[in-house]
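What the coordinates show
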Amino acid sequence: QVQLVESGGGLVQAGGSLTLSCAFSGRTDVRYAMAWFRQGPAKAREFVAAIAWSGGTTLYTDSVKGRFTISRDDAQNTLYLQMNSLKAEDTAVYYCAAASRAWGGPESASSQYGYWGQGTQVTVSS
């Protein structure tokens, strides 16, 4: 089973940058597509970005295109989300996730992911 732990959240001013990390563990011979989701107070969890098992393809929600970059370093067992030009509406708890099945491409539906981290808070002040 895959385990994930997010880190890197914090308080940042609008227009600033922040990079989130997600350390993952599990079988070393199996790789999964991974993603970032976020959930603001009293709001539903929404898709942010996803990356294929190989890191070759990515997918972003429209609101973060051009501002956020998802990447992975499997040698370091880490998933990243680089966030630039942050806006107040980016404030949320950010969760990393791994797909239910191995060797897949990026997907935006939360139902495609079976493994989740505990979340890390990102607060953007305006």
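Refer to the structure presented above.
Throughout what follows, the structure given in this document is the object of discussion. Each chain has its residues counted from 1, running along the sequence as written. Predicted model: local features are reported for residues with pLDDT of at least 70 only, side-chain atom pairs are reported and counted for 80 or more only, and whole-chain, interface and lining totals are derived from all residues. To obtain the side-chain values, all non-hydrogen atoms of the structure were included, while hydrogens and water were left out.

1. Thoughts on the pattern of salt bridges
Any carboxyl oxygen of Asp or Glu that lies within 4 Å of a side-chain nitrogen of Lys or Arg is treated as forming a salt bridge with it. Evaluated as defined, the whole model comprises 7 salt bridges. The partner of arginine 38 in a salt bridge is glutamate 46, with the nearest N and O atoms 2.7 Å apart. We classify arginine 38 as buried; its relative accessible area is 4%. Aspartate 90 is the partner of arginine 38 in a salt bridge, and the nearest nitrogen-oxygen pair spans 2.9 Å. Placement of arginine 38 in strand 4 (residues 32-39) and of aspartate 90 in the loop between strand 8 (78-83) and strand 9 (92-102) is noted, with a sequence separation of 52 residues between them. In this scheme, a residue with accessible area under 20% of its type's maximum is buried, one over 50% is exposed, and one in between is partly exposed, where area comes from a 1.4 Å probe on protein chains only. Secondary structure elements follow DSSP: runs of H or I no shorter than four residues count as helices, runs of E no shorter than two count as strands, and numbering proceeds from the N terminus.

2. Section: the sheet that holds strand 7 (residues 68-73)
Pairing between sheet strands relies on hydrogen bonds along the backbone, with the strands arranged either parallel or antiparallel. Strand order in the open sheet formed by 4 strands is 1-3-8-7, and the pairing between neighbours is antiparallel. Here the strands that pair on one side only, and so sit at the sheet edges, are strand 1 (3-7) and strand 7. Mean inter-strand twist for the sheet, computed between neighbouring axes without regard to direction, equals 15°. Being paired, for any two strands, means DSSP has found at least two bridges between them. Examined bridge by bridge, strand 1 and strand 3 (residues 18-25) share 5 bridges and lie antiparallel to one another. Residue pairing in the sheet places valine 5 in a bridge with alanine 23 of strand 3. To get an axis, fit a line to the C-alpha atoms, keeping to the stretch in contact for a helix; angles then go from 0 to 180 degrees between the N-to-C directions.

Interpretation in functional terms is not warranted from these geometric data alone.
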